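# Chain and residue survey
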Amino acid sequence: MKKNSVIAVIVGALVIAGVSWIVFGSDNSSQNSSEKVEELTIYSGRSEEFIAPFFARWEKESGIKLNIRYGDSAELAAQILEEGKNSPADLFLSQDAGSLGAVSAAGLLATLPDSVGSKIGSQYVASDRSWIGVTGRARVFAYRPGAIEELPRSVSDLTKSEFKNRVGIAPSNASFQAFVTALMSEQGEKFAKSWLEGMKKNGAKIFLKNSAIVEAIDKGEIDLGLVNHYYTWEVSEALGRKIQVENGFFAPGDLGNLVNVSGAAVLATSEKFEAATELINFLTSESTQISFVEDTHEYSLIAGIKSPEGLPELTEIGSPKVDLVVLENVQRTQDLLTQVGLL
């Protein structure tokens, strides 16, 4: 299923099911915590390569078997919406707040007590506690050192003539779409459309994924690209060498510095609520958070834990204050990207 169709399914499901599903949206009365749990079913939007070692560690420590379905976060969210109260999933792990928000809006997620993910910063937790942030993913501009005389201070700078034919973007990528969604929410659809049209007119090069943008910068095919912060590290690791790419941040408060999160939620229909929340507590524990930073180069969402090597602390990035709940409105963003010819 194409991602556009997936998001359409999400939006349609929200409209159709909003009334009937809300009845059981936060009622955990059917959960039987006294029964010994032998296995949990996880829908994971985080890739197997990324998260499997952490799942394996928890299986060994807890003695609980995990049945894991891996896939694209948006597609898994759509699957949960289609399944409704019959979903076999106990826990949904998403690579972005938008997919979590879509399922939450349908009333399909349980309310998590304050004891779950208690050390995670409140700005990275849903206001209704339907989901908890697990790792931080900062938007940056990756660039080739020495190729650009004056680095951009804002995403708006990238539509200027000095960046013509030099910038890479990935419009079909969920992280780019989350950024555009935030842009629309904070600056309005007219501004977002003007910026996208300006990028297209200025010869922005289109890529399917962030890693391809970083590779193109390393090869000298482009000079700068909009990606998530950890892709420079991932590409360097994959190539087994230092690459000619560095991360840059825009001026404090610019939407180009958006910090999105991967996150976890428990399905309201799960009868294994206690075990599922124990897994979330494992993922948000200090020891696991430190491992995320060291092993995957993503940010911990716990204050005081050191940032990934070579990167500023989250508090020093100057990220804009955006309520991550707005990132659920992806369909509107995809419609706009299609309208301007970038999808």
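Residues numbered from 1 in each chain as written. Predicted model: local features only at pLDDT ≥ 70, side-chain atom pairs only at ≥ 80, totals over all residues. Heavy atoms only, no water.

## Thoughts on the overall build of the protein
The criterion, for reference: Numbering of helices and strands starts at the N terminus; helices are DSSP runs of H or I of at least 4 residues and strands are runs of E of at least 2. Note on exposure labels: buried denotes an accessible area under 20% of the residue type's maximum, exposed denotes more than 50%, and partly exposed covers the range between, all computed with a 1.4 Å probe on protein chains only. The Shrake-Rupley method, run with a 1.4 Å probe sphere, supplies the accessible areas, and residue values consider only the shown protein chains as cover.
A tally of regular secondary structure across the protein gives eleven helices and ten strands. Residues classed as buried in the protein amount to 56% of the 343 residues present. Entry remark: accessible area of the protein is about 15000 Å², with carbon and sulfur atoms responsible for 47%.

## Notes on the packing of aromatic side chains
Basically, it comes down to this: Each Phe, Tyr or Trp ring (for Trp, its six-membered ring) is paired with any other whose centre lies within 6.5 Å, and the angle between the two planes then decides the class: stacked below 30 degrees, edge-to-face above 60, tilted in between.
Tallied over the full model, the rule gives nine aromatic pairs. Their ring planes at 40° and their centres at 6.3 Å tell us that Phe 50 and Phe 54 sit as a pair that is tilted. With Phe 50 and Phe 54 both in helix α2 (residues 48-62), this residue pair falls four residues apart, about one helical turn. Per residue, the accessibility class of Phe 50 equals that of Phe 54, and both read buried. Aromatic side chains Phe 141 and Tyr 143 sit 5.7 Å apart centroid to centroid with 45° between the ring planes, which places their arrangement in the tilted category. Comparing Phe 141 with Tyr 143, the two get one shared label, buried.

## Some points on the environment of Ile 132
As a reminder, the rule being used: In what follows, a contact means two residues having at least one pair of non-hydrogen atoms within 4.5 Å.
Looking at where Ile 132 falls in the secondary structure, it is placed in strand β4 (residues 132-143). Note on Ile 132: relative accessible area 0%, which makes it buried. For Ile 132 and Gly 263, which are 131 residues apart along the polypeptide, the C-alpha to C-alpha distance reads 5.4 Å. For Ile 132, the residues in contact, after removing those within four places along its chain, are Leu 112, Val 116, Gly 117, Ile 120, Tyr 124, Val 125, Ser 262, Gly 263, Ala 264, Ile 280 and Thr 284.

## Topic: the environment of Ser 270
Inclusion rule: Here a polar contact means two N or O atoms within 3.5 Å. Within protein one must be a hydrogen donor candidate and the other an acceptor candidate, and residues neighboring in sequence count only if both atoms are side-chain atoms.
Turning to its location among the elements, Ser 270 is positioned in the loop between β9 (259-266) and α9 (273-283). For Ser 270, a relative accessible area of 2% puts it in the buried group. The sequence separation of Ser 270 and Lys 85 amounts to 185 residues, and the corresponding C-alpha distance is 9.2 Å. There is a polar contact of 2.7 Å between the side chain of Ser 270 and the side chain of Asp 90.

## A few points about the pattern of salt bridges
Our working rule: What counts as a salt bridge is simple: a side-chain nitrogen of Lys or Arg found within 4 Å of a carboxyl oxygen of Asp or Glu.
Counted according to the given criterion, the structure contains eight salt bridges. Arg 137 is the partner of Glu 298 in a salt bridge, and the nearest nitrogen-oxygen pair spans 3.9 Å. Of this pair, Glu 298 sits in the loop between α10 (286-296) and β10 (299-300) while Arg 137 sits in strand β4, and the two are 161 residues apart along the sequence. Accessibility expressed as a relative area gives 2% for Glu 298, which makes it buried.

## Some words on unusual backbone geometry
In the Ramachandran plot, Arg 129 falls in the positive-phi region, its phi being about 55° despite a non-glycine side chain. Mapping Arg 129 onto the fold places it in the loop between α4 (97-105) and β4. Take Arg 129: its relative accessible area is 17%, and that puts it in the buried class. In this structure, His 297 is a non-glycine residue whose phi angle is positive, near 70°. Locating His 297 in the fold gives a position in the loop between α10 and β10.

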